[in-house]
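Below, each chain spelled out in residue letters.
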Amino acid sequence: MVKRFLFVAVLGTVLIQQWACKKEDADPGDAVMELSIPVGFPYPNIPSDNLPTQNRIDLGKMLFFDPILSRDSTVACGSCHLPEHKMTDVLALSTGIDSQKTIRNAMTILNVAYQPYLFWDGGVPTLEQQVLAPISNPHEMDYDVNLVVERLKKHAVYPDMFQKAYDQEPTVYSFTRAIACYERTLFTGKSRYDRFLYDKDSSALTPSELNGKSIFFGERGECFHCHGEYNFTDYSFRNNGLYEIYTDSGRARITLDPHDNGKFKVPSLRNVALTPPYMHDGSIATLEAVVEHYNSGGKANPNKSGLIKPLGLTESEKKDLVNFLKALTDE
Amino acid sequence: MKKFHFLFIALMVFASASFVGCNKDEETGPTTEKISLHLHSMVGTDEAAYGITYHDGSGRQFNLSDFRYYLSNFVLIKESGEEVPLSGVVLLASPAAHQYELGEVPSGSYKGFRFLVGLDSATNHTDPTIYPADNPLSIQSPGIHWDWNSGYIFMKIEGYVDTTLNADGSPDFEYFYHVGMDELKRTIDFSTSAFEVKSGADAELALEFDLLKALSNVEMRTENETHTFNNMPLAEKIADNWQSAFSVMPE
């Protein structure tokens, strides 16, 4: 046993040594980087086989915005996650291949490095695996990842980029890694609220926004229980009383547990003013209407969280809460 | 660097020498023999194949265009009750293939075995892109992975069926049974089907899987679609038939 341990240890050291030697004459784009993350945020967990390098990020970014991933080469990841809309498409339901509609609203993928599982129902455990889903989804890109690889191999520049980034030709493994690597560099966390909180700039928020903040983080609103911490979500699955009967079963689609019916992953509220419409189906158009929903206590539903109950906010308190949500937009 | 390589090689020689040592110890005990699974996928008394017209229990015509299923977690039970798990062995069975490698086991008398139709939860949710192309779990196995929930389809049955009321038409309606998700893996128990692994000879387990039995209480005319999550009762019905659909072939 000890022998075997020693053997593995020596093998490991040799491999590291060889890797280090190789790095000496390698290009700087191949060096493992440290991601620059917003103040107050923890460093995200990154899988050891996909540590960030500039070559990987550049490749992933190019793939993310390239319609080559879709059957008829018309739809890119970036068609539904647009940088100018904080990586959403500001549509209730997104438009995929052949002008088809998706079944859910596209959430932002900013700060996605922190998501412990992906999608509104949390059905996919890693960012790398998530890449497979939109490509095979008949409403989104309707293609086969193995055929994507064939296209990439024939491309003028991709094969070389893959060689540099992952030391291999285009494969499903390497292209899903590249896209995930790029996505992990997308952060957001520089709002006026952050200036108030971390830079101790007390003038960063208006009196109305400060009052909204107290409602949000206090017993008047109870919002922070679910939308707490640096990313304004605890990543739990909750039913916030949107419907009496949900047509989308949400988390129950994965767990098959009726108690999970109508539960969805709590969304981040960063930049929320810029990413209407709201909820998993985009059914609420404005932040005013969202606050109205919570103030009413939502619809009756056996799975509704106990935190969702009539709040009795005054008109000016509702305005203050909306104003606070608007202060979560990056400057 | 040189010194390092030397040390490395020395240790490697040392380590492999100690492995050889282990084998020597076992020479007095049972030998290790190759074991494989001989499996026939059947539709009643006919071999399952694509494009052939079959009749279901009620005489209704149907055919197959895709029929594949995962078998995993084989455990062989020795006469003494000791269990020999064949960890990591996963098979993707299909009508065309009859012989599947299971690995190596100690020779001796066994009183039975069991296995899963489907995959254990950990394997079910691994990333399919990490496997080499010839692995049954690889993303190169077409259409057998659900990307939206990161799980495998444990049994995929697709084809066309006659949906006329009196079953007097032709198979022209596309049906699909995609049975999966952790809850629907099923242990197939043959713990009293004894077999022998003889020293110096390859061993074989011989099984038959009868699709008609797997669909015995399924009314194909009306019950013709399940992705599991959207029609759990139908998927569950099929999964619950798996044990009775398997039978051990006489040697």
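Values in this document were obtained by computation on a predicted structure and should not be read as measured data. (Residues numbered from 1 in each chain as written. Chains lettered and ligands numbered in written order. Predicted model: local features only at pLDDT ≥ 70, side-chain atom pairs only at ≥ 80, totals over all residues. Heavy atoms only, no water.)

Peer 1: Just to check I follow, could you spell out the domain arrangement of chain A for this structure?
Peer 2: Residues and elements named next belong to chain A. For chain A, the domain assignment lists domain 1 (48-183) and domain 2 (192-326). Once you take the C-alpha centre of each, domain 1 and domain 2 turn out to be 28 Å apart. Each side of the interface is counted separately: domain 1 has 21 residues, and domain 2 has 23 residues. When domain 1 packs against domain 2, close to 1,900 Å² is buried across both sides, 56% of that on carbon and sulfur atoms. Of all residues in domain 1, Arg104, Trp120 and Asp121 give up the largest surface area on contact with domain 2, accounting jointly for 32% of the area buried on that side. Our count for the contact surface shared by domain 1 and domain 2 stands at 9 residue pairs in polar contact (both at pLDDT 80 or more). A breakdown of the residues in the side of domain 1 that touches domain 2 according to their chemical character gives 11 nonpolar, 7 polar and 3 charged. (Domains from an automatic or database assignment. Contact = heavy atoms within 4.5 Å. Buried area = accessible area lost by both parts, 1.4 Å probe. Polar contact = N/O pair within 3.5 Å; in protein donor to acceptor, adjacent residues only side chain to side chain. Nonpolar A, V, L, I, M, F, W, Y, C, P; charged D, E, K, R; others polar.)

Peer 1: Help me understand the pattern of salt bridges in this model?
Peer 2: Note on pairing: side chains with opposite charge can pair once their charged atoms come close. All names here are of chain A. Counting across every chain of the model gives 29 salt bridges over all chains. Residue glutamate 209 is joined to arginine 192 by a salt bridge in which the shortest nitrogen-to-oxygen separation is 2.8 Å. In this pair, glutamate 209 sits in helix α9 (residues 207-217) while arginine 192 sits in helix α8 (residues 192-198), placing the two residues 17 residues apart along the sequence. On the basis of relative accessible area, glutamate 209 is assigned to the buried category, the value being 6%. Accessibility expressed as a relative area gives 24% for arginine 192, which makes it partly exposed. In this structure, glutamate 317 and arginine 220 form a salt bridge, with 2.6 Å as the shortest nitrogen-oxygen distance. With glutamate 317 in helix α12 (residues 315-326) and arginine 220 in the loop between α9 and β1 (237-238), the pair connects residues that are 97 residues apart, well separated along the chain. A single salt-bridge network, built from bridges that share partners, covers Arg104, Asp121, Asp248 and Arg253. (Salt bridge = Lys/Arg side-chain N within 4 Å of Asp/Glu carboxyl O. Helix = DSSP H or I, 4+ residues; strand = E, 2+ residues; numbered from the N terminus. Buried < 20%, exposed > 50% of the residue type's maximum accessible area, 1.4 Å probe, protein only.)

Peer 1: Please explain helix α11 (residues 287-296) of chain A as it appears in this structure.
Peer 2: Each α-helix winds once per 3.6 residues, and so residues spaced three or four apart point in a common direction. Residues and elements named next belong to chain A. Among all positions in α11, only Leu287, Val290, Val291, His293 and Asn295 are buried. Of the surrounding secondary structure, the elements contacted by the buried residues of α11 are α12. Positive backbone phi, approximately 90°, marks glycine 297, located one or two places after α11.

Peer 1: Just to check I follow, could you spell out the nonpolar core for this structure?
Peer 2: Inside soluble globular proteins, nonpolar side chains tend to come together where they are buried. Residues Leu37, Leu71, Leu76, Phe115, Trp242 and Phe246 of chain B are the most contacted members of the largest nonpolar core, which totals 67 residues. Leaving out residues up to four positions away in the same chain, leucine 76 of chain B has contacts with Ile35, Glu82, Glu83, Val84, Leu86, Val105, Tyr110, Gly112, Phe113, Phe195 and Leu205 of chain B. (Core = buried A, V, L, I, M, F, W, Y, C linked by side-chain atoms within 4.5 Å.)

Peer 1: Looking at this structure, how should I read the packing of aromatic side chains?
Peer 2: For any pair of aromatic rings, geometry is given as the distance between the ring centres together with the angle between the planes. Taken as a whole, this structure holds 36 aromatic pairs over all chains when the rule is applied. Pairing tyrosine 114 of chain A with tyrosine 230 of chain A gives two aromatic rings, centres 5.1 Å apart and planes at 70°, and the pair type is edge-to-face. Linking tyrosine 114 of chain A in the loop between α2 (54-64) and α3 (127-130) with tyrosine 230 of chain A in the loop between α9 and β1, this pair joins segments that are 116 residues apart in sequence. Taking the relative accessible area as the measure of exposure, tyrosine 114 of chain A reaches 9% and is therefore buried. For the ring pair phenylalanine 113 of chain B and phenylalanine 115 of chain B, a centre distance of 6.4 Å and an interplane angle of 10° mean the geometry is stacked. One exposure class covers both phenylalanine 113 of chain B and phenylalanine 115 of chain B, and it is buried. Three or more aromatic residues joined by ring pairs make a cluster, and in this case those are Phe67, Tyr69, Phe74, Tyr110, Phe113, Phe115, Phe190, Phe195, Phe209 and Phe246 of chain B. Here the guanidinium or amino end of arginine 253 of chain A rests over the ring plane of tryptophan 148 of chain B, the centre of that ring lying 4.4 Å away. Against the face of phenylalanine 229 of chain B rests arginine 253 of chain A, its NZ or CZ located 4.6 Å from the ring centre. (Phe/Tyr/Trp six-rings, centres within 6.5 Å; stacked < 30°, edge-to-face > 60°. Lys NZ or Arg CZ within 6 Å of the ring centre and 35° of its normal.)

Peer 1: How do you make sense of α9 of chain A when you look at a structure like this?
Peer 2: Residue and element names in this part refer to chain A. Listed in full, the buried residues belonging to α9 are Glu209, Gly212, Ile215 and Phe216. Buried residues along α9 cover an arc of 115° about the axis, so they all sit on one side. Where α9 is buried, its residues touch α8 and α12. (Arc of directions from axis to C-beta.)

Peer 1: How should the pairing of strand β12 (residues 173-180) of chain B be read in this particular structure?
Peer 2: Within a regular strand, side chains alternate between the sheet's two faces. All names here are of chain B. Burial within β12 is extensive, with 6 of its 8 residues counted as buried. Direction of pairing for strand β11 (residues 151-161) relative to β12: antiparallel, over a ladder of 8 bridges. Its bridge partner lying in β12, glutamate 158 is registered against phenylalanine 176. Of the strand pairs in this sheet, β12 and strand β16 (residues 225-226) are connected by 2 bridges, and their pairing is parallel. For tyrosine 177, the partnering residue across the bridge sits in β16 and is threonine 226. (Pairing = 2+ DSSP bridges.)

Peer 1: Whenever I open this one, the side chain of serine 72 of chain B confuses me. Can you help?
Peer 2: Residue and element names in this part refer to chain B. If you trace the backbone, serine 72 turns up in strand β5 (residues 66-78). For serine 72, the side chain forms a polar contact with the side chain of asparagine 73, separated by 3.0 Å. Apart from residues no more than four positions distant in its own chain, serine 72 is found in contact with Val89, Val90, Phe115, Leu116, Gly118, Leu119 and Asp120.

Peer 1: Quick question: what am I supposed to make of the state of the cysteines here?
Peer 2: Two cysteines whose sulfur atoms are joined by a covalent bond form what is called a disulfide. Tallying each qualifying case throughout the model produces 0 disulfides over all chains. With no disulfide of its own, cysteine 77 of chain A lies closest to cysteine 80 of chain A among cysteine sulfurs, the gap being 8.8 Å. (Disulfide = S-S within 2.5 Å.)

Peer 1: Explain the side chain of aspartate 127 of chain B to me, please; I cannot follow it from the model alone.
Peer 2: Counting through the fold element by element, aspartate 127 of chain B comes out in the loop between α2 (121-124) and β10 (145-146). In terms of polar contacts, aspartate 127 of chain B uses its side chain to reach the side chain of arginine 177 of chain A, at 2.8 Å. Beyond its immediate stretch of four places on either side in the chain, aspartate 127 of chain B contacts Glu128, Gln129 and Arg177 of chain A.

Peer 1: Even after reading the chapter, I still don't get unusual backbone geometry, so can you show me in this structure?
Peer 2: Leaving glycine out, the prevailing phi sign among residues is negative, and the prevailing peptide bond configuration is trans. Residues and elements named next belong to chain A. In the segment running from proline 276 into proline 277, the intervening peptide bond is cis, with an omega of -15°. Following the sequence through the fold, proline 277 ends up in the loop between β2 (264-265) and α11. With phi around 45°, aspartate 142 is a residue other than glycine that occupies positive phi space. Tracing the sequence through the fold places aspartate 142 in the loop between α4 (132-136) and α5 (145-154). The partly exposed category is assigned to aspartate 142, whose relative accessible area is 27%. With a phi close to 55°, phenylalanine 232 is a non-glycine residue in the positive phi region. Along the chain, the position of phenylalanine 232 falls in the loop between α9 and β1. Here phenylalanine 232 falls in the buried class, since its relative accessible area comes to 1%.

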